[in-house]
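Notes for the structure review
This is what each chain is made of:
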Amino acid sequence: MPKPLISIFTPFKNTAAFLPDCINSIINQSYTHWELLIIDDHSTDNSFEIVNAFSQQDPRIKLFTNSGSGIIDALQLAFKESKGTYVTRMDSDDIMHIDRLQLMLNSLLDYGKKHVAVGKVKYFSDVGISDGYARYETWLNNLTETGSNYSEIYKECVIPSPCWLIHREDFIACDAFNPNRYPEDYDLTFRFYKHNYKCIPCDTVLHHWRDYSYRSSRTHEHYAENTFLELKLHYFLELDYNSNRTLTVWGAGAKGKSIAKQLKAKQIPFVWICDNPKKIGKSIYSIKLHNFVHLKQLHQPQSIVTVANEQAQQEITSYFKQQQMKPMIDYFFFC
């Protein structure tokens, strides 16, 4: 029986310093039946020449120039030119574990369609990893170990953009790279969630994620926090919001204000609560802020929690448990 072809999608722009390590990690994969659709997004360094040299040596590497501009256009072109039964994404500055494709394919063959193979990740950097990225890595890997990624999907992106594998038919069914919404990796994760594609548990680090100061996720406007909040609210209102229940927003910091402002603009009624005595009883955007105990007076409320402090989140979670309220049904952490 012939081995299935895996299509790998890799946009690149001015990553000449990292491309050889990235491409060599793909060439050295223990699973060899793959094609790399690698798209130059108008680089101004010698990235194109580096990739072109690799493509001349290995026919599995197929180099294209982005006909549009930006990551989404590049990914759309890569998918259009691909032929694989299974598809995945890889970032041009990262490194694959040598068995990544084989292990992910094995998982999908075992579990079947409507599943997403994921893997644990490990950050690396020449200057060390910040505490924030280290905590994100730990949080993400804990979810991946049990396949419970969606349980905290409104906090952060729960599937790393360069570490998933899915059947082509399932990818098409959830609209592939077509939506022009950033951040595109988070949007795709929400669409996996929307289509109820189960994440397959994995306890192995399959992707080495490079961090550096000028990485796109650090510098590009498409990955700004306000974009994340808009995306989260978009999918919450589509997938989990129950208009027959009272919606509450917990927290009046910057994120709480952003969510409240968006809800007001959409004319969606909500009750605003917080536990900051300096704000309780006052009005912001002509909406009065209530003490959190006001929740007890509401019938079956749904709560968006925008409080970022970890200790406060634990206290809020304990409060919800005391009220016999359940995560991802009755309350949703947005940070």
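Up top is the structure.
The following paragraphs examine the structure supplied in this document. Since this is a predicted model, take the numbers as computed values, not measurements.

**Let's talk about the sheet that holds strand S12 (residues 271-274)**
- The strand order across the open sheet built from 6 strands is S13-S14-S12-S11-S15-S16, with neighbouring strands paired in mixed fashion. Two strands bound the open sheet, and with one partner strand each, they are strand S13 (283-284) and strand S16 (331-333).
- Relative to strand S14 (residues 287-291), S13 runs antiparallel, the two sharing 2 bridges. Bridge pairing in S14 places Ser 283 opposite Lys 288.
- The strands touched by helix H11 (residues 310-322) are strand S11 (247-250), strand S15 (302-305) and S16; relative to S16, the strand with the most contacts, the crossing angle is about 170°.

**Side note on the pattern of salt bridges**
- Enumeration over the complete set of coordinates arrives at 15 salt bridges.
- A salt bridge links Arg 89 to Glu 184; its shortest N-O distance comes to 2.7 Å. Of the two residues, Arg 89 sits in strand S4 (residues 86-89) while Glu 184 sits in helix H7 (residues 184-194), which places them 95 residues apart along the sequence.
- Of the charged contacts, one joins Lys 155 and Glu 152 as a salt bridge, the two residues approaching to 3.3 Å between their closest N and O atoms.
- What emerges from the salt-bridge pattern is a single network uniting Arg 89, Asp 91 and Glu 184.

**Observations concerning the nonpolar core**
- With 94 residues, the main nonpolar core has Tyr 150, Trp 164, Phe 171 and Phe 192 as its most contacted residues.
- Ranked by the residues each element gives to this core, the list is headed by helix H3 (residues 71-81), at 7 residues.
- When near neighbours in sequence (up to four residues on either side) are disregarded, Trp 164 contacts Val 87, Thr 88, Arg 89, Arg 100, Met 104, Val 116, Ala 117, Ile 159, Phe 171, Phe 177, Leu 188 and Phe 192.

**Considering unusual backbone geometry**
- With an omega dihedral of -5°, the bond running from Tyr 182 to Pro 183 counts as a cis peptide bond.
- By the element assignment, Pro 183 lies in the loop between helix H6 (168-173) and H7.
- Even without being glycine, Asn 196 reaches a positive phi, approximately 60°.

**Some remarks on the packing of helix H1 (residues 19-27) against helix H2 (residues 47-57)**
- In the contact formed by H1 and H2, the axes pass within 10 Å of each other and the chain directions differ by 25°. In terms of axis orientation, H1 runs roughly parallel to H2. Crossing angle aside, the handedness with which H1 passes H2 is right-handed. When H1 is examined against H2, the residues Leu 19, Pro 20, Ile 23, Asn 24 and Ile 27 are found in contact with a partner set consisting of Ser 47, Ile 50, Val 51 and Phe 54.
- Partitioning the contact of H1 with H2 into residue classes produces 7 nonpolar, 2 polar and no charged.

**Considering the sheet that holds strand S7 (residues 120-124)**
- Reading across from one edge, S5-S10-S7 is the order of the 3 strands in this open sheet, with mixed pairing throughout. The open sheet has two free edges, formed respectively by strand S5 (95-96) and S7, since each of these has just one partner strand.
- By the bridge criterion, 5 bridges tie S7 to strand S10 (residues 205-210) in an arrangement that is parallel. If you follow Phe 124 over to S10, its bridge partner there is Arg 210.
- Helix-sheet contacts for helix H5 (residues 131-146) involve S7 and S10, and the interaxial angle to S7 is about 165°.

**Notes on the pairing of strand S2 (residues 34-40)**
- Taken across its 7 residues, S2 has 7 buried, putting it largely inside the fold.
- What you see with S2 is no split at all: Trp 34, Leu 36, Ile 38 and Asp 40 on one side and Glu 35, Leu 37 and Ile 39 on the other are buried throughout.
- As paired strands, strand S1 (residues 6-12) and S2 are joined by 7 bridges and run parallel to one another. Residue pairing across strands places Ile 6 opposite Trp 34, the latter belonging to S2.
- Note: S2 against strand S3 (residues 61-65), 5 bridges, orientation parallel. Its bridge partner being in S3, Asp 40 is matched across the sheet by Thr 65.
- Following the chain from S2 across H2 to the adjacent parallel S3, one finds a crossover that is right-handed.

**Considering the environment of Ile 50**
- Locating Ile 50 in the fold gives a position in helix H2.
- On the basis of relative accessibility, which here comes to 17%, the residue Ile 50 falls in the buried class.
- Put simply, Ile 50 and Ile 23 are 27 residues apart on the chain and 10.0 Å apart in space, counted from C-alpha to C-alpha.
- Beyond its immediate sequence surroundings of up to four residues, Ile 50 is in contact with Ala 16, Leu 19 and Pro 20.

**Describing the packing of aromatic side chains**
- Using the criterion set out here, one finds 32 aromatic pairs in the structure.
- Note on Trp 250 and Phe 292: the rings are 5.6 Å apart at their centroids and 20° apart in plane angle, and the pair reads as stacked. Within this pair, whereas Trp 250 is found in strand S11, its partner Phe 292 is found in the loop between S14 and S15, the two being separated by 42 residues in sequence.
- We classify Trp 250 as buried; its relative accessible area is 2%.
- Judged by centre distance (5.6 Å) and plane angle (70°), the rings of Trp 250 and Phe 320 are edge-to-face. Within this pair, whereas Trp 250 is found in strand S11, its partner Phe 320 is found in helix H11, the two being separated by 70 residues in sequence. For the pair Trp 250 and Phe 320, a shared accessibility class is recorded, and that class is buried.
- Aromatic rings pair up to connect Tyr 154, Tyr 186, Phe 190, Phe 228, Tyr 235, Phe 236, Tyr 241, Phe 332 and Phe 334 into one cluster.
- Here the guanidinium or amino end of Lys 155 rests over the ring plane of Phe 333, the centre of that ring lying 5.4 Å away.

Each value, and the rule that gives it
- Residues numbered from 1 in each chain as written.
- Predicted model: local features only at pLDDT ≥ 70, side-chain atom pairs only at ≥ 80, totals over all residues.
- Heavy atoms only, no water.
- Pairing = 2+ DSSP bridges.
- Helix = DSSP H or I, 4+ residues; strand = E, 2+ residues; numbered from the N terminus.
- Contact = heavy atoms within 4.5 Å.
- Axes fitted to C-alpha atoms, helices over the stretch in contact; angles between N-to-C directions.
- Salt bridge = Lys/Arg side-chain N within 4 Å of Asp/Glu carboxyl O.
- Core = buried A, V, L, I, M, F, W, Y, C linked by side-chain atoms within 4.5 Å.
- Buried < 20%, exposed > 50% of the residue type's maximum accessible area, 1.4 Å probe, protein only.
- Parallel < 35°, antiparallel > 145°, perpendicular 65-115°, else oblique.
- Left-handed = near helix turned anticlockwise from the far one by under 90°.
- Nonpolar A, V, L, I, M, F, W, Y, C, P; charged D, E, K, R; others polar.
- Right-handed = clockwise from strand over helix to strand, strands pointing away.
- Phe/Tyr/Trp six-rings, centres within 6.5 Å; stacked < 30°, edge-to-face > 60°.
- Lys NZ or Arg CZ within 6 Å of the ring centre and 35° of its normal.

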